[in-house]
Amino acid sequence: MRFRQWRYPYRSAYLRARTNAGVLVKCGTKPPMRYASWSIASVIALLFTACGGPGTSPAAQKREGTDQNVHIMDPHSHARPEEAVITHLSLDLNVDMEARRLKGTAAYAINRGKGDTIRFDTDGLTIHSVKLADGTDAPYTLGDTSFLGRELAVKLPAGADSLIIAYETGPGARALQWLSPGQTADKTKPFLFTQGQAILTRTWIPVQDSPGIRFTYDAKVTVPNDLMAVMSATNPQERNADGVYHFRMDKAIPAYLVALAVGDIVFKPIDERTGIYAERTMIDKAVWEFADMGKMVSTAETLYGPYRWGRYDVIVLPPSFPFGGMENPMLTFATPTVIAGDRSLTALIAHELAHSWSGNLVTNATWNDFWLNEGFTVYFEHRITEELYGPEYNAMTSLIGHQDLMNTVADMEAKGDPGDTRLKLDLAGRDPDDGMTDVAYEKGFALLRLVESRVGREKFDAFLRGYFDRYAFQSMTTERFITYLHEELLDPANVTVDVERWVYQPGIPEDDIVPVSDRFTKVEEQIARWGNGTPAKELATQGWSTFEWIHFLRHLPKGLEEGSMADLDRSFGFTRSGNTEILAAWLEQCILNDYDAAYLRLDEFLRTVGRRKFLIPLYQELVATEKGRTIAEGIYAAARPNYHSVSVRTIDAMLGWEGRQGSITL
Ligand SMILES: [Zn+2]
């Protein structure tokens, strides 16, 4: 998943209240052990992790064995894979775009363990029947509702190794975003897309929704015959006359990577193994923008070994998609906000592609280990873009990421709540989405950058390649990774890095290497000239990249008068910018400096774009003043139905929106 530079001070009593209400694994109490088949080493590792934090000896926090592939307790799933675990999912779904409902069956191949019950995660689903392969009913119970949804427990008779569940989705299924024609780029047909990460797949499929449980899948999806369906699987490249599409994913993946999109979409290839799906009015722009995709795949392969998924395609979604991108296997889901017209924001594709190794191939065992997915992917993304666009590009994007990280950490510390600045999170009792800040991304990247600098790039590359090969199609805990890192890289190289400090302690350690960008230094010189009275149009800005403009906007002096803002806007056309990164950075300055002339554009932007990383800082700056809060509430009332549930949840919390008249049900 990709979002960057989202800020955190809105993290509120609301979130803490949720934490306190949930199930916490406390020191001195027995953790809710869902999984029994643990090695002694992993039990020890978990206990130290759960009760860890400051004061726990680093030596005790690490050293989980590296060879076992046991199931780790996932605090965000009802599944107990040591009793029974699914190995294959077979979907047969009908997509009703008018009723906004998926209805059909899910069949499962099951690997029996030591229990007679299989436990699924469900959330808001209506279960019509649960049957064995011979057509007889299997007894089942649905548990209580919590933020994890409801457990569906099915009794399995001796020897039963398959099930079929008939079900339909509810009106508030949070993974699904149903768009009316007016909310799409083409404005003629409705659109549907899913977003499974972190724990939302259970809102559209009864499934063992834990990143530590992998299965293969196939699907038959029936859609209106003027639309096309695509999934995180082998995909059609042309529309069928009957609206029936078949899919196959023969590599085992976790539930959060099962994904579906339905709309009036077309396909165009970029080369023989990469291509783009998009609405008609977007397809050519997207193909031009992402022309480097083929080169990105081969560059990634040169670095860390073969791409193992067959094709690599991207679908460009309507602008309400809440993230930059989502790394659904074989088919990245991407926001159209990276189509800048100058190929300047394609690092997003490098990021999602890199997840084909870090995340999709070697997967975080639980959401507490999220940094293993994202920190590695940010590192890998930078290696790809450095190969393609050079070290200066890399220095700029690394420094922007580092600034975001420092802001996030400072915000959390200012709130007296630095727990989530640890790489290893403790998200038990909370929606894991709450912990998905840029700490996992940028602090994770910073640690790997540090390790690389200590051992040298050659050794680090060999280590990473070996890691991806050895643990391909497996899940990884933080503890297991740290042991592997010490044994395979740091100890043989005779290098000391206090990895445990980085992983288990809050804040940013002193040995952090801050990226340096000469081009940003030149930008700062121009800001100083402007501050000293040089008119904006006389500044030396020729040839600036998107990142230099972002740096410029982020570092403007505070308290600018209307005349100064107008000087910038006249000279550089920020309010008219079609580059969403530049526009969003500018709009933030407009709110800070109360520059009225841009409010119409702000209104339009917030009503059409649902990408959370843009929404958070803009709404946050708005609610800081009384005037701004009134504007924010006015815009949000109109814009809220255009946002996906993950963005709605975040902005609701920020604005204290729950319970308001007109709120939609999630
Ligand atoms: Zn990501």
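Since the model is a prediction, treat every value here as computed from it, not as a measurement.

The next subject is the overall build of the protein chain. Along the backbone of the protein chain there are 20 helices and 20 strands. The 666 residues of the protein chain split such that 50% are buried. The contacts in the protein chain between residues at least 6 apart in sequence include a share of 73% that link residues at least 24 apart.

Moving on, we come to the pairing of strand S11 (residues 228-231). With burial as the criterion, each face of S11 is covered, one bearing Met228 and Val230 and the other bearing Ala229 and Met231. Relative to strand S13 (residues 260-263), S11 runs antiparallel, the two being bridged by 4 bridges. By the bridge assignment, Ala229 is partnered in S13 with Val262.

The next thing to look at is the sheet that holds strand S4 (residues 126-131). With respect to topology, 6 strands assemble into an open sheet ordered S4-S7-S2-S1-S10-S12, the strand pairing being mixed. The sheet is open, and its two edges are formed by S4 and strand S12 (244-254), each paired on a single side. Averaged over all pairs of adjacent strands, the angle between their axes in this sheet comes to 15°, without regard to strand direction. As paired elements, strand S2 (residues 101-112) and strand S7 (residues 162-168) share 7 bridges and run antiparallel to each other. Bridging across to S7, Gly104 finds its partner in Tyr167.

The subject of this paragraph is helix H17 (residues 599-608). Note: α-helices contain 3.6 residues per turn, so residues at a spacing of three or four share the same orientation. Taken as a whole, H17 has its buried residues at Leu602, Phe605 and Leu606. Buried residues in H17, looked at end-on, bunch into an arc of 90°, giving them a common side. Facing away from the buried side of H17 by over 90 degrees, the exposed positions are Leu600 and Glu604.

One can describe the packing of helix H9 (residues 438-455) onto helix H10 (residues 457-470) by two numbers: an axis separation of 6 Å at closest approach and a directional angle of 125°. Classified by the angle between their axes, H9 and H10 sit oblique to one another. Side by side, H9 and H10 meet where Val451, Glu452 and Val455 of the first sit next to Arg457, Lys459 and Phe460 of the second. Residue classes in the contact of H9 with H10 are distributed as 3 nonpolar, no polar and 3 charged.

For helix H7 (residues 370-389), spanning 20 residues, the distance from its first C-alpha to its last is 28 Å, which sits close to the expected 28 Å at 1.5 Å a residue. Burial analysis of H7 places 16 of its 20 residues in the buried class, the great majority of the element.

Moving on, we get to the packing of helix H18 (residues 612-622) against helix H20 (residues 645-655). Here H18 crosses H20 at 10°, and the two axes come no closer than 10 Å. The orientation of H18 relative to H20 falls into the category roughly parallel. Together, Arg612, Leu615, Ile616, Tyr619 and Gln620 of H18 and Val646, Ser647, Thr650, Ile651, Met654 and Leu655 of H20 make up the contact between the two elements. Considered class by class, the residues forming the contact of H18 with H20 number 7 nonpolar, 3 polar and 1 charged.

Quick look at the sheet that holds strand S6 (residues 150-155) now. Pairing within the open sheet is antiparallel, and its 3 strands lie in the order S3-S6-S5. With one partner strand each, in any of the chains shown, strand S3 (117-122) and strand S5 (140-142) form the two edges of the open sheet. Within the sheet, the average angular offset between the axes of one strand and its neighbour, ignoring direction, is 20°. Two strands pair when backbone bridges link them, and S5 and S6 are joined in this way by 3 bridges, in the antiparallel orientation. Note on S6: the bridge partner recorded for Leu142 is Leu152.

So, about the confidence of the model for the protein chain. On average, residues of the protein chain carry a pLDDT of 89, and 89% of them reach 70 or more. Note on residues 4-69: pLDDT under 50 across the span, and 110 contacts to partners over four residues away in sequence or across chains.

All right, on to unusual backbone geometry then. The amide bond that connects Gln197 to the next residue, Ala198, takes the cis arrangement and shows omega of 5°. Mapped onto the secondary structure, Ala198 falls in the loop between strand S9 (191-194) and strand S10 (214-222). At Lys187, a residue that is not glycine, the phi angle is positive and equals roughly 65°. Following the sequence through the fold, Lys187 ends up in the loop between strand S8 (176-179) and S9. Positioned with a positive phi, Arg343 is a non-glycine residue whose angle comes to about 60°. With respect to the helices and strands, Arg343 occurs in the loop between strand S18 (331-334) and helix H6 (347-354).

If you trace the backbone, Phe376 turns up in helix H7. Along the chain, Phe376 and Gly444 lie 68 residues apart, while their C-alpha atoms are 6.9 Å from each other. Residues within four places of Phe376 in sequence aside, it is in contact with Ser358, Gly444 and Leu448.

If you trace the backbone, Ser210 turns up in the loop between S9 and S10. Residue class for Ser210 comes out buried when judged on the 30 C-beta atoms lying within 10 Å of it. In this structure the C-alpha to C-alpha distance between Ser210 and Ile72, which are 138 residues apart in sequence, comes to 9.9 Å. If we skip the residues at most four places from it in the chain, Ser210 touches Asp74, His76, Ser77 and Ala79.

What counts, and where the lines are drawn
- Residues numbered from 1 in each chain as written.
- Predicted model: local features only at pLDDT ≥ 70, side-chain atom pairs only at ≥ 80, totals over all residues.
- Helix = DSSP H or I, 4+ residues; strand = E, 2+ residues; numbered from the N terminus.
- Buried ≥ 20, exposed ≤ 12 C-beta atoms within 10 Å, placed from the backbone.
- Contact = placed C-beta atoms within 7 Å.
- Pairing = 2+ DSSP bridges.
- Axes fitted to C-alpha atoms, helices over the stretch in contact; angles between N-to-C directions.
- Arc of directions from axis to C-beta.
- Parallel < 35°, antiparallel > 145°, perpendicular 65-115°, else oblique.
- Nonpolar A, V, L, I, M, F, W, Y, C, P; charged D, E, K, R; others polar.
- Expected span 1.5 Å × (residues − 1).
- pLDDT = per-residue confidence, 0-100.

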